[in-house]
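Each chain, letter by letter, is given below.
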Amino acid sequence: MYNKMWGRHSDVDSAVDRILDAAGLTFAELGVAKAKMVDVAGAAGCSRGTLYRYFPNQEALHLAFVHRATLRIARRIAADQAAVPAPSLTEAFTERILAGIDAVRSDPLLAIWFEPENMAVPILLSQNSELLRDIAADSFGQFSPDPLVQQEIQRRGEWLLRSIVSLLAMPGADQAAERHMIESYLVPVLLAELPTSKVDQ
């Protein structure tokens with residue numbers, strides 16, 4: 001029996017958080033790929049109709065869960081880096097990426113996404129344009145009006161996200177090996193000079 005209070009839930013943010021909290025527990029218990037909307041609704045104490053009012057389908061629910069988790073991790077890492085600034089931009093980016101990966105691995109509700117039976121879901125989400133835009137904006141700042149810059153930032157955001165998903169799915173030999181890969185092969189691409197459109201004189 002669902003909680004009738006859901007029928008008059010006036011605080012949308014609170015309702016969404018409650019559903020996503022329930023979704024996280026359901027994903028951990030049943031597996032991300034196996035958990036259905038009805039399972040999440042039951043865990044949240046709401047009807048399926050109420051759940052679909054906030055999330056029209058399973059993909060939207062998955063995306064919202066990952067989006068919230070990504071923002072929370074990014075904000076925490078940014079705060080930590082602000083307190084203890086890195087000596088260089090390369091090191092700052094390297095530490096940010098390593099800290100993000102560690103945050104996912106150390107959280108059972110997030111680590112479950114990268115077990116073999118669940119990998120299809122994060123791979124699919126890594127191609128979502130909304131998530132890519134947010135990752136790129138968080139990493140590189142606001143988009144430039146220059147179309148070439150926008151395109152390049154989008155591509156670098158995609159490369160960053162795909163690289164992180166790859167390391168979460170297939171970890172390096174050890175932390176030193178992962179640091180080397182990130183610092184030597186990922187960060188240089190992210191920090192390379194951005195192209196700009198040439199304006200005819």
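Now for a quick tour of the structure. (Residues numbered from 1 in each chain as written. Predicted model: local features only at pLDDT ≥ 70, side-chain atom pairs only at ≥ 80, totals over all residues. Heavy atoms only, no water.)

## A look at the nonpolar core
Inside soluble globular proteins, nonpolar side chains tend to come together where they are buried. Counting 48 residues, the largest nonpolar core has F27, F55, L61 and W113 as its most contacted members. Top contributing element to this core by residue count: helix α4 (residues 58–83), with eight residues. Those residues in contact with W113 that lie beyond four places of it in its chain are F27, V32, H62, F65, V66, N118, M119, V121, P122 and L125. (Core = buried A, V, L, I, M, F, W, Y, C linked by side-chain atoms within 4.5 Å. Buried < 20%, exposed > 50% of the residue type's maximum accessible area, 1.4 Å probe, protein only. Helix = DSSP H or I, 4+ residues; strand = E, 2+ residues; numbered from the N terminus. Contact = heavy atoms within 4.5 Å.)

## Overview of helix α5 (residues 89–105)
Counted at 1.5 Å a residue, the expected span for α5 with its 17 residues is 24 Å, and the 24 Å between its end C-alpha atoms agrees. Restricting attention to buried positions, one finds in α5 the residues A92, F93, T94, I97, L98, G100, I101, A103 and V104. (Expected span 1.5 Å × (residues − 1).)

## Thoughts on the side chain of H67
Tracing the sequence through the fold places H67 in helix α4. Residue class for H67 comes out buried when judged on its relative accessible area of 19%.

## Structural notes on the packing of aromatic side chains
The final tally for this structure, using the stated rule, is three aromatic pairs. Ring geometry for F27 and F65: centres 5.5 Å apart, planes at 85 degrees, overall edge-to-face. With a gap of 38 residues between them, F27 in helix α1 (residues 12–30) and F65 in helix α4 connect regions that are remote in the sequence. Of the residues examined, F27 reaches a relative accessible area of 1% and is grouped as buried. A centroid spacing of 5.5 Å and a plane angle of 5 degrees characterise the contact between F65 and W113, whose relative ring orientation is stacked. Of this pair, F65 sits in helix α4 while W113 sits in the loop between α6 (108–111) and α7 (120–125), and the two are 48 residues apart along the sequence. By way of ring pairs, the aromatic residues F27, F65 and W113 are connected into one cluster. Just above the ring of F93 sits the side chain of R96; from NZ or CZ to the centre is 5.8 Å. (Phe/Tyr/Trp six-rings, centres within 6.5 Å; stacked < 30°, edge-to-face > 60°. Lys NZ or Arg CZ within 6 Å of the ring centre and 35° of its normal.)

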